[in-house]
Amino acid sequence: MDIDCLDSLRGCGGAGFPTSFKWNAVRDANADFGKVIICNADEGEPGTFKDGWLFDNHCAAVIDGIRHAAEYVNAQRGFIYLRPEYSAQRELISAAIQQMVSDNKLAPQSGRIFQANGFPGRPAQLDNGGLSIVELSSLDWFVEHGSHDLVGETQQSGGLAHDAMLQYPLPQNEDIEAGFCLDICLGGGAYICGEETAMIESMEGKRPQPRHKPPFPTTNGLWGLPTLVNNVETFWWAERMISGEWQQDAERLFSISGAVNKPGVYQAPIGITARQLINDYAGGVKDAAEISCWIPGGAATGVLPPTLLDCEMSTEVLREHGTTLGTAALVVFTEESALEVSTKIMQFFAQESCSQCTPCRIGCAEFADYLADEKHNWPHRGSIDDWLQAMQLGSICGLGFTAPLIIHQLQKHFNFEVQHAN
Amino acid sequence: MTNSIAEIEQSECMLVVGSNTTEAHPVLALRMKKAMRGGAKLLVVDPRKTWLAERADVHLQIKPGTDIPLMNAIANVIISEDLHNKQYVESLTEGFDEMKLAAAEWPVERAAATCEVDAGDIRKAARLYAAYKHAGIYYTLGITEHVCGVDNVRSLSNLALITGHLGYEATGVNPLRGQNNVQGCNDMGNNPVYLPGYQEVADGAAREKFSAAWGQQVSEIPGRRLDQMLDGLHDESIKAFFVMGEDPIVSEPNVEHVHVGFKKLELLISQDIFLNETAKIYADVVFPATCFAEKEGTFTNSERRVQRVRKAVDAPGEARTDLQIIFDLAKELGHDWGKAQPSKVWDEFARLSPNFSGINYARIEESGIQWPCPDVSHPGTKFLHEGAPIRGKGRLYPLDHIKPWEEADDDYPLTLSTGRTLYHYNAATQTLRNEGHREKQPKSFVEISAEDARELNIADKEEIVVQSRRGSIVSWAKVSEKVRKGVIWMPMHYAEASVNILTGDGKDLKVGTPEYKLCAVRLHKP
Amino acid sequence: MPTNTLTINGEQVAVLQGESLLDACAKMGISLLTACHDNRLEAYGGCRTCLVDLDGAPRPVPACKTLTSAGMVVSTSGEQLETVRATIDEMLECIPAAALETWTDANRFIGYDPQQCIMCDRCVRYCDEIMQCNALEHVGQGVDAFIQPTQGDSFLDTSCELCGGCIGTCPTDALYSKQSLKVFNEQSDAVLSSTRTVCNYCGVGCVIDIESQGNNVIDIDAQTGVGPNDGHLCSKGRFAWQFINHPQRLTKPLVRNTESGELEETSWQNALSIAATKMLDIKQRHGADSLAFLASSRCTNEDVYALQKLARAIIGTNNVHSCAAT
Ligand code: SF4
Ligand code: SF4
Ligand code: SF4
Ligand code: SF4
Ligand code: FES
């Protein structure tokens, strides 16, 4: 199998890593004990719901993408790590897997459902309250359903064993003969589980704390095996490219939500402007109100001012404005100010920090308090810049590295004054 | 121990026999746990399903008292499958042929039937033990407190010798000492047949050396072991007892019998930190002594390491250090030994005992030294028998099964076995004085298998009477998966339910260690 | 053992394979502050106090968690790095605004104060890796994270063995000994001292430090790297010291009143002279071998040596033994 066609494809989960590079790394890794593929469908980035949409509309194509990747890297086991609230999608996936089992495209055992670990005291939310994927992606939903507000209980989820993953045998024995076996793993219900190594830890039944890298999952992933982790969308594009349906990495799926008339997932060329997306795809701003601020690529990409609505939605251009394309999730705000939105994002980070490393554990919380405080008092000896720098340079994973961006964007685009108490 | 505690971490295979290491020697067990984490194989021989047994690669849950048949069968597998170290056996052992013949009497199937374990497991254990170079044997009271205690130990050393598992790191035969200074106590000649430094009383030259050093003639009449001393109470050949830090009526088996003996004594002098049971009833004179935190000296641990004990606080009231009391008494007896100085006492011992001559307080100021250490430039000895067994050739013993002193029968259908738990220590005079420990494990209990409990209609936590031919005690049932059918187990720590009331007169035929581990009992409701 | 050569602060150093940058720095005499590191545990890399610059890495790396490899170029100082480290130190002092209630666990040994806790996970990892009890867990996220007995039960009902190793490894006062807190007197100006000695329970012979205030024992602890125990202790060694200051301790010699049959307090001189007179009398009447000497295997070597010498050299008998011959 040849993957030259994937040369231009970059991962769609937020980090934008070249896809073929990862696939080749896993293909070339040690195969003695088997290899694993994980399709990351945890979709915990506020504003993002394209994975849910893809399962709703193109489930079989996504799974074909996973199968082809498995074939290419020679993986025996695969998992779709699914956001636990996505119950409708879970059924679609199960049905699609069953179909492929009957067509002999997947190993007969495929389609089992496992439950990954969450944070103790924070069981995964298996009850989505009947909300749509758009509603489930809102920042408010995430802030509200953070660490404290528990919905549903993991143990009551139709006999899914909480620690099933722990006991699962290494994928050597039966499965190699039987072909590629694809199962579903319900996520642990924490934002950080979207980080690939935290996700792997949660699948191993551990506390979902990101691992130190290197080593990377491509060589030491689930159960220590070489593991390919890609986003749902990445597998979908890959499948379209491999099947020849699509040639170029020139378009992406944009999740558009917030104060727009037609929130939804739209395929559009990379480089389109935000204004075009809002007006030409999402039916314009709700009630034709004035935009107070907007988010280009999910909560982690911070807020931008309305003056930048005409800039191109591409990694390169957004970088000039201090941010990235992230998960290509555009969120439009009209009622809340940039400061209010940023405060919520910071609060969300503070509650979702896995608490493994000091800069993120303490930093996020202190900045959330600082933004929420009307007087913006900064009670610490070290300057705000020192603290932001310590988070950026001293954290273990992306959550801690990028959290300072929220403050930086406020400073850069909204004249937010940094103040000192002492 | 032939080897050192730290080495255990490097083990590839550990054979743990009759030792509930995680409870009796918790910190040593941490090294085993570490080795296990690193993938070392673990073989456990224990009638009880201990923490280690649950995690073992092979757990041989033998019928109590059948260690020798089992070890013979293991030796048999090793020899018949040609897994033994022929070169070691030929050049460095003696008695192989006799031993081999005796072991051949115990084919795996026969041993499996006698020990009531799976034959396949015996084979597996034998193969694993023989396969790894860094394979060590660890045992405790579980193996020595039997009528055949000495032979039990020999059956283990047979295994080490035929596989050549001796004389380098993380191997050997390692008794884990129950009390902090059992090792030192033996080293010091607190033994009827050994003078300090393992020099025999029977050896005229040794006696001469000590007589000269002490200015008094050392008697050539061998002394009495504890069990013989106790017997001597009954025939009145022992008239006076000096007891330093012990409570024999609690700690010795067959308590009723011991009481009868003590009543006949003319003089009992007790020296202890608390007024113990023996002193309370029988002592004529009681000396208030000091605990380890109130005195200077040395302890020698299981790995033969001599370490400094230092004074942290003053003794209460007029209590004096044990050494001071002995010196005072010596003076009163007409021998002025001068000032009671621990370092001087050690130096006198070291001067007279070649294996210890290189150790002095200055050298062990920072960290302890493991004997043998013959001179001050010697670094101490981490493992014994390097290159060859110390006595030149390792002796292999032909052994056969010796039935326990008392076996379960129709009248007393259960076998009682006893031991220590993590939270208490021996007679628990110290630990039961700690509120927190008392709370975690406040009262005595009897572990009984679910099967036996059902047959006897005993519920968990129910009060029950444990009765043997010698007496009975009240305790509480604890239905547990740890024990096998037909066996019950009790901790030894509780005075109000002293298991020594139940235990018998069985003792090792060779050295008189009481058979604490086994006796026949029955259970009934109060 | 294969070795790697790397450069730290411009100087070359050779280390064994498998050693961390922290080990390498230690070899060069560079001591880095650490908080989440305990060299008996697997490296964690969470507290970030030991960050150093590594050429080629996108941001500073934790020395404790970074394995050395040949050719690495490392720097342990520099303005930016030092600012980051200083800021992290400041963060560690931060008491989370939402400090939780302490657990109200009935156990008498282990207490927890979340306000002091820096979430370094040493306690959890100790219990998991060393004790293999898994009796502690890290729960919650962000500043609301804390440590609790697994499943939130009291220590008395879990697999906890009350070894106190979690207290031993805790770099702050978050986990503390309740017993010590109870006997420690803040008001008193009695001298605090620490005495290195050996545990008096089992034959492992753990080296311990007895902490005392005046004449009261207030704690027992052990140091990593010392003795056969490497800082580990069991429940008995660490906590069973109340007997030392116990009110039931004997403080005066006793002799039995021949009339009442009771034991009565007396002077040393009297007790010694009664004992000696009776011993000599029995020796005279029944011979030396009618006296027997029993020493506990809990006594020091010197005590035991002196006692057997008294038996052998003064009384003239070899009747010396102890309770457990194992
Ligand atoms: S940066 Fe935050 S989320 Fe990432 S490891 Fe550190 S504490 Fe956890
Ligand atoms: S006391 Fe020991 S067993 Fe209990 S939680 Fe602490 S480390 Fe674990
Ligand atoms: S209790 Fe102590 S050891 Fe445990 S996480 Fe907190 S600071 Fe670290
Ligand atoms: S601390 Fe525990 S293991 Fe260590 S010597 Fe004391 S009783 Fe034995
Ligand atoms: S000591 Fe290195 S990160 Fe904590």
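Residues numbered from 1 in each chain as written. Chains lettered and ligands numbered in written order. Predicted model: local features only at pLDDT ≥ 70, side-chain atom pairs only at ≥ 80, totals over all residues. Heavy atoms only, no water.

K.L.:
I would appreciate a short explanation of the overall build of chain B in the present structure.
P.N.:
Of the regular secondary structure elements, chain B holds 20 helices and 21 strands. Taken over C-alpha atoms, the radius of gyration comes to 24 Å for chain B, in line with the 24 Å a tight globule of 526 residues would show. By its C-alpha atoms, chain B is 65 × 60 × 45 Å across when sized along the principal axes. Put simply, chain B has 526 residues, and 65% of those count as buried. Once local pairs closer than 6 in sequence are excluded, the contacts in chain B between residues at least 24 apart make up 68%. Taken as a whole, chain B presents about 18700 Å² of accessible surface, with 48% of it coming from carbon and sulfur. (Helix = DSSP H or I, 4+ residues; strand = E, 2+ residues; numbered from the N terminus. Rg over C-alpha atoms; globule rule 2.2 N^0.38 Å. Buried < 20%, exposed > 50% of the residue type's maximum accessible area, 1.4 Å probe, protein only. Contact = heavy atoms within 4.5 Å. Areas by Shrake-Rupley, 256 points an atom, 1.4 Å probe, with all protein chains shown as cover.)

K.L.:
Is there a simple way to explain the sheet that holds strand β8 (residues 293-295) of chain A in this structure?
P.N.:
Residues and elements named next belong to chain A. The strand order across the open sheet formed by four strands is β7-β6-β9-β8, and the pairing between neighbours is mixed. Where the open sheet ends on each side, the last strands, each with one partner, are β7 (264-269) and β8. Averaged over neighbouring strand pairs, the angle between their axes works out to 25 degrees when direction is ignored. Where strand β6 (residues 251-258) and β7 come together, six bridges link them in antiparallel fashion. In the sheet register, R252 faces β7, and the bridge partner there is A268. Each of β6 and β7 touches helix α9 (residues 232-242); the most contacted strand, β6, lies at about 145 degrees to it. (Pairing = 2+ DSSP bridges. Axes fitted to C-alpha atoms, helices over the stretch in contact; angles between N-to-C directions.)

K.L.:
What should I look at first to understand the sheet that holds strand β5 (residues 227-231) of chain A in this one?
P.N.:
Sheet strands associate in pairs through backbone hydrogen bonding, adopting either a parallel or an antiparallel arrangement. All names here are of chain A. The five strands lie next to each other as β3-β4-β2-β1-β5, forming an open sheet whose pairing is parallel. Whereas interior strands pair on both sides, the edge strands pair on one side only; in this sheet they are β3 (113-115) and β5. Averaged over all pairs of adjacent strands, the angle between strand axes in this sheet comes to 25 degrees, irrespective of strand direction. By the bridge criterion, six bridges tie strand β2 (residues 77-82) to strand β4 (residues 181-186) in an arrangement that is parallel. Looking at β4, one finds that I80 is bridged to I184. In the packing of helix α3 (residues 87-102) onto the sheet, the strands contacted are β2, β3 and β4, and the crossing angle to β4 comes to about 170 degrees. Against the sheet, α9 contacts β1 (36-41) and β5, and its axis sits at roughly 90 degrees relative to β5.

K.L.:
Quick question: what am I supposed to make of the site of ligand 2 here?
P.N.:
Every one of the 13 residues lining ligand 2 counts as a neighbour, but C127, C160, C163, G164 and C166 of chain C are closest to it. Classifying every residue of the shell around ligand 2 gives 11 nonpolar, one polar and one charged. (Near = heavy atom within 4 Å. Nonpolar A, V, L, I, M, F, W, Y, C, P; charged D, E, K, R; others polar.)

K.L.:
I'm lost on the domain arrangement of chain A in this one. Help?
P.N.:
You'll often see interface size given as the accessible area lost when the parts meet. Residue and element names in this part refer to chain A. One can read the domain layout of chain A as domain 1 (4-242), domain 2 (251-336) and domain 3 (339-413). Spacing between the C-alpha centres of domain 2 and domain 3 amounts to 23 Å. Contact with domain 2, which involves 17 residues of that partner, is made by 13 residues of domain 3. A buried area of about 1100 Å², summed over both sides, lies between domain 2 and domain 3, and 63% of it is on carbon and sulfur atoms. (Domains from an automatic or database assignment. Buried area = accessible area lost by both parts, 1.4 Å probe.)

K.L.:
Looking at this structure, I do not really get the state of the cysteines. What am I missing?
P.N.:
One way to say it: the disulfide is the covalent bond shared by the sulfur atoms of two cysteines. Going through the model one piece at a time under the given rule, you end up with zero disulfides over all chains. The closest cysteine sulfur to the non-disulfide-bonded C299 of chain C is located on C185 of chain B, 7.2 Å from its own sulfur. (Disulfide = S-S within 2.5 Å.)

K.L.:
How do you make sense of the side chain of S212 of chain C when you look at a structure like this?
P.N.:
With respect to the element layout, S212 of chain C can be found in strand β11 (residues 207-213). With relative accessibility at 1%, the residue S212 of chain C sits in the buried group. Residues in contact with S212 of chain C, not counting those within four places in the same chain, are A312 and V313 of chain B together with V191, L192, S193, V217 and I218 of chain C.

K.L.:
Would you mind going over the pattern of salt bridges with me for this structure?
P.N.:
Side-chain pairs of opposite charge can arise where the charged atoms are in close proximity. Per the stated rule, a full pass over the model turns up 55 salt bridges over all chains. E54 of chain B is paired through a salt bridge with R55 of chain B; the nearest N and O atoms lie 3.8 Å apart. Overall, R55 of chain B belongs to the partly exposed group, its relative accessible area being 39%. With a closest N to O distance of 2.6 Å, R469 of chain B and D409 of chain B form a salt bridge. Highlighted residues: R469 of chain B in the loop between β18 (463-467) and β19 (472-479) and D409 of chain B in the loop between β15 (394-395) and β16 (414-419), separated in sequence by 60 residues. Classification of R469 of chain B as partly exposed rests on a relative accessible area of 40%. The network of salt bridges with common partners includes K50, D51, E233 and R252 of chain A. (Salt bridge = Lys/Arg side-chain N within 4 Å of Asp/Glu carboxyl O.)

K.L.:
Help me out: how do you make sense of the nonpolar core in this one?
P.N.:
One broad rule of soluble globular proteins: the nonpolar side chains tend to lie buried together. By size, the foremost hydrophobic cluster in this structure holds 114 residues, and its most contacted members are W23, F349 and F367 of chain A. In terms of residues, this core owes the most to one element, helix α2 (residues 50-73) of chain A, which gives 10 residues. Excluding residues that lie within four positions of it along the chain, F349 of chain A makes contacts with Y191, A300, C364, L399, A403 and I406 of chain A. Within the second largest apolar cluster, 105 residues are counted, among which are L195, F299 and F356 of chain B together with A306 of chain C. (Core = buried A, V, L, I, M, F, W, Y, C linked by side-chain atoms within 4.5 Å.)

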